[in-house]
Amino acid sequence: MLFGRSQKNPIKIADKQVTQWKYATCGYCSTGCSMEVGLNQAGKPVSSRGVGGADVNRGKLCLKGIMEHELLSSAGRGDKPLLRDQIDQPWAEVNWDSALDKVAGQIKAVQHKYGRDSVAIVSTGQMLTEEFYTLGKLARGLIGSNNYDGNTTLCMASAVSGYKRSFGSDGPPGCYEDFEHTDCLIAWGSNLPEQHPVIYWRFKEAQEKRQFPLIVVDPRVTMLAQNADIHLAITPGTDVVLQNALMHVILDEGLEDQDYIEKNTNGIEALKAEVEKYNPTMAATICGIDEDSIRLVARLYAKAKASMQIWTMGINQSTHGSDGVVGINNLSLITGNIGKPGGTSLSITGQCNAMGTREWSSCSGLPNHRYLENAEDRQEIADFWGIDADFLPTQRGLAQTDIFQAIETGEIKGLWVIATNPLTSMPNTARIRKTMRNLDFCVVQDCYADTETAEYAHVFLPAGTWGEKEGVMTNTERRVNLVTRVAQPHGDSKPDLWIFNQIAERFNEHGKVKFPETSAAVFEEMKLLSKGRLCDISGMTYDLIEQSRGIQWPYTEAQNERGESPVAGGGRLYTEPTTFCYADGKAKLIPLPFVDNNETPDEEFPVWLNTGRLVEHFHTRTKTGKVGNNNKFSPIPFIEINPDAAVQLAVKDGDYVRLVSRRSDAVVMAKHTQRVAKNMIFLPFHFHDCANRLTLGLLDPYSRQPAFKQHAVRVEPIVDQKAAAKLSMEMRGF
Ligand SMILES: Nc1nc2c(c(=O)[nH]1)N[C@H]1C(S)=C(S)[C@@H](COP(=O)(O)OP(=O)(O)OC[C@H]3O[C@@H](n4cnc5c(=O)[nH]c(N)nc54)[C@H](O)[C@@H]3O)O[C@H]1N2
Ligand SMILES: Nc1nc2c(c(=O)[nH]1)N[C@H]1C(S)=C(S)[C@@H](COP(=O)(O)OP(=O)(O)OC[C@H]3O[C@@H](n4cnc5c(=O)[nH]c(N)nc54)[C@H](O)[C@@H]3O)O[C@H]1N2
Ligand code: SF4
Ligand SMILES: [Mo]
């Protein structure tokens, strides 16, 4: 038999006839790749390519970025504003004025009837920073509901909370360049090659040159784990125990950096007393990792000249999410691995602008990491915006996860959902579907009209999306980068900034609060508010950002005036002694007792359900589900199941199975793989009415982030495979 190219047509790369390239930053993940979109003679986006001179990606893009221009003409986009009185009625197309009047009128009516906080606003990590800032000003300064939060509660809330508890402020202290200096890397619950492919490439390049060890903590044999020197297949939800045991060994063997601890931290005695209880022998029984490996990793980590830790959702999405982050910070602090090249604690962020919302949206506070709880911060912002300081609440309101519970209890009656699709992304969606019927009024603002959440809206506002508007986003390493307008918003849809400004007009009596029209003018306002703060962007301009292919904050006006190169500036935080954000400049070492509160497998539901992501899909597939070259890799939902476990259930590779949890059920295809152990299945969460029908999502006490990764389920074989296939295909639009 003949194999190979000789029997096939040679590959031809079609000439797309690009006549112009426009600059952008990728709108999917938080890696923040610089890219260019190619337009043909007719001005149609026909190609995407990475930017060679950009420090982040050095010319590379992953398979989402390389197809990104196809989004701009994809199916299901919102065109006209839509209106209806009841959610079961058909939609009527209306003009923008009618839709906006309706939204403002209904928000006012609900607030009048039930109080200011009875309207909730749920935002995202996927708009431009100028849009976040403007929405914050509108929500906090004019509408005045304290129940304003974003999908970052499902994503980065634990990282934010952990950073604040340890260092006194949010803000990842490290950068990608740290891979080039580190002597040891621990990755906690992060599947870098699939979820941040270009950060993975940066790591891999660095490791190939310097051969430092990679230790991966993940219950699953992910692509990153396959590349690890040591893979610790931890029992789900027990990372805090492992962290305590690692610290136990470090302190027991005198491997800590005493000088650093003394100068830069508070709380070592209490930490010592707690970790004393977690010797490796005892920890091994809880986290399922043998005691010798625990000792070895502790020594490797503590003895390396510079050690680095990264983490993502395996840590954040847990009932111990915030504690897990503090645990990582504790390990960094006791070994002096903060603020030095290759020595850091770097949260790998999720969405393209999850950082921008943390910095500027005012969701859980006030702009630029200011606190609602701080009277000076409230006064400063009130004066700046021209509102009364008493109008601002004195502590943050409900998080997104608590907002949905408050809809269930009738406390919240109006909901404005912006650029997020909670009917697929929240835990226990069958329950959320019922909850949504309790609302008097719901408005969904999304660039796609066919989202599951829009099914529950009374008003749909069609928004422009990535590439159809101009502004900045911040990536994982605090790099602010620019998206230019590559195409006009689809149909009659409008940029989110325009929509916010229009609604603001309807609340802004006598125009007392200023809402600049252009994103460039909003950016100037933000620069003023950032001066002298940790997240100082006052030296940046759109032009300079584009020329530099992104600038890390802080980059101050003074640095700009001195002509300091923005590319070299800003790299790390806390590089000088006692510069943490607590009053005495010291970081906190915080003891972390382990609370065993997860749903765990039992006789009735004997298998761990672990949920997460695939490289080809993004979240709820409103985007990648429409791009053929992404969707074709996994057009229907499937589970990873261990072949031995599957044989016991008489489930063949490619069979459909029914998954049952205490909440609900779902039909998926079974794919045999050794990536998961016999007592676990992995289910990508991208598909509607699937993974999150099964999840429980217990909440972290500090961050209110749901545990999306620890649940118990049963796998049932299906007799009528044809019917299951039909159901599965039909649900996914085939
Ligand atoms: N292709 C693609 N890329 C994306 C996204 C996407 O949807 N698609 N989304 C972006 C966003 S918003 C985010 S937040 C990131 C998420 O990026 P990641 O967090 O890397 O992705 P996940 O697959 O959610 O989860 C990571 C790993 O956590 C592991 N895990 C499960 N339970 C535990 C546990 O108890 N302990 C530990 N240590 N690990 C555990 C899982 O096995 C999984 O391999 O990806 C971003 N990038
Ligand atoms: N089981 C399980 N569930 C999870 C997770 C998990 O690991 N497991 N991960 C969680 C995490 S980390 C995250 S971040 C969430 C993500 O959950 P979601 O935020 O609900 O997911 P997306 O599909 O990204 O939704 C974004 C929406 O915004 C729209 N959109 C995109 N750009 C724009 C824009 O510029 N303007 C407007 N107005 N709309 C826009 C998109 O069409 C889409 O409908 O899911 C969470 N849910
Ligand atoms: S790695 Fe992330 S930012 Fe870079 S191209 Fe892929 S999805 Fe876009
Ligand atoms: Mo996320």
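The rules behind each value
Residues numbered from 1 in each chain as written. Chains lettered and ligands numbered in written order. Predicted model: local features only at pLDDT ≥ 70, side-chain atom pairs only at ≥ 80, totals over all residues. Heavy atoms only, no water. Helix = DSSP H or I, 4+ residues; strand = E, 2+ residues; numbered from the N terminus. Buried < 20%, exposed > 50% of the residue type's maximum accessible area, 1.4 Å probe, protein only. Contact = heavy atoms within 4.5 Å. Near = heavy atom within 4 Å. Polar contact = N/O pair within 3.5 Å; in protein donor to acceptor, adjacent residues only side chain to side chain. Areas by Shrake-Rupley, 256 points an atom, 1.4 Å probe, with all protein chains shown as cover. Nonpolar A, V, L, I, M, F, W, Y, C, P; charged D, E, K, R; others polar. Pairing = 2+ DSSP bridges. Axes fitted to C-alpha atoms, helices over the stretch in contact; angles between N-to-C directions. Domains from an automatic or database assignment. Buried area = accessible area lost by both parts, 1.4 Å probe. Salt bridge = Lys/Arg side-chain N within 4 Å of Asp/Glu carboxyl O.

A. Summary view of the environment of C442. Turning to its location among the elements, C442 is positioned in strand β15 (residues 441-446). Under the relative-accessibility criterion, C442 is labelled buried at 0%. Along the backbone, C442 and Q106 are 336 residues apart, and their C-alpha atoms lie at a distance of 9.1 Å. Discounting chain neighbours no more than four positions away, the residues touching C442 are L415, M436, Y456, A457, H458 and V459.

B. Up close: the environment of L392. By the secondary structure assignment, L392 is in the loop between α15 (375-385) and α16 (400-408). For L392, a relative accessible area of 4% translates into the label buried. The sequence separation of L392 and S166 amounts to 226 residues, and the corresponding C-alpha distance is 27 Å. Those residues within four positions of L392 in sequence are excluded, and the remaining contacts are R140, L366, R378, A382 and I387.

C. Representation of the site of ligand 1 in the model. Close contacts around ligand 1 come from 34 residues, with D218, G237, M313, R613 and H617 the closest. The contact in question runs from a nitrogen atom of ligand 1 to an N or O atom on the side chain of K64, over 3.1 Å. At 2.8 Å, a backbone N or O of G237 approaches an oxygen atom of ligand 1. Contact with the protein chains removes 100% of the 900 Å² of surface that ligand 1 exposes when unbound.

D. Molecular detail of the side chain of S703. Here S703 is to be found in the loop between α25 (691-694) and β26 (711-717). With residues near it in sequence (within four places) discarded, S703 still touches T153, A157, S158 and S161.

E. View of the site of ligand 3. Near ligand 3, the surroundings consist of C26, Y28, C29, T31, G32, C33, L61, C62, K64, G65, P197 and V198. Its residues placed into classes, the shell around ligand 3 shows eight nonpolar, three polar and one charged.

F. Expanded view of the pairing of strand β2 (residues 34-40). Within β2, seven of the seven residues are buried, which leaves it mostly tucked inside the rest of the structure. Alternating residues of β2 divide into S34, E36, G38 and N40 and M35, V37 and L39, and every residue in both groups is buried. One ladder, built from seven bridges, connects strand β1 (residues 18-25) with β2; its direction is antiparallel. Residue pairing across strands places V18 opposite N40, the latter belonging to β2. Examined bridge by bridge, β2 and strand β3 (residues 45-50) share five bridges and lie antiparallel to one another. The partner of G38 across the bridge, within β3, is S47. The turn joining β2 and β3, which pair antiparallel and follow one another in sequence, is formed by four residues; a positive phi near 80 degrees is taken by G43.

G. View of the sheet that holds strand β4 (residues 82-83). On the basis of which strands lie adjacent, the open sheet formed by seven strands has the order β5-β4-β16-β15-β14-β6-β7 and mixed pairing. With partners counted over all chains shown, the strands left at the sheet margins are β5 (92-93) and β7 (148-150), one partner each. Against the sheet, helix α1 (residues 96-114) engages β4, β6 (119-123), β14 (414-418), β15 and β16 (459-462), with an angle of about 130 degrees to β16.

H. Highlighting the sheet that holds strand β25 (residues 680-684). In spatial order, the strands read β21-β25-β22-β24-β23-β26; together these six strands close into a barrel with mixed pairing. Across the sheet, the mean angle separating the axes of adjacent strands is 45 degrees when strand polarity is ignored. Pairing analysis gives four bridges linking strand β22 (residues 638-641) to strand β24 (residues 665-672), with the strands arranged parallel. Looking at β24, one finds that I641 is bridged to H672. Set on the sheet, helix α26 (residues 721-731) makes contact with β23 (656-660) and β24; between it and β23 the angle comes to about 75 degrees.

I. Summary view of the domain arrangement of the chain. Annotation of the chain at the domain level lists domain 1 (18-73), domain 2 (82-146 + 353-561), domain 3 (173-347) and domain 4 (607-731). Measuring from the centre of the C-alpha atoms in domain 3 to the corresponding centre in domain 4 gives 29 Å. Contact with domain 3, which involves 23 residues of that partner, is made by 22 residues of domain 4. Taken together, the two surfaces of domain 3 and domain 4 that pack against each other cover about 1800 Å², and 51% of this comes from carbon and sulfur. Considering only the side of domain 3, the residues that lose the most area to domain 4 are R220, Q317 and T319, jointly responsible for 36% of the buried surface there. Inspection of the domain 3/domain 4 interface yields two salt bridges. Linking domain 3 with domain 4 are nine residue pairs in polar contact (both at pLDDT 80 or more).

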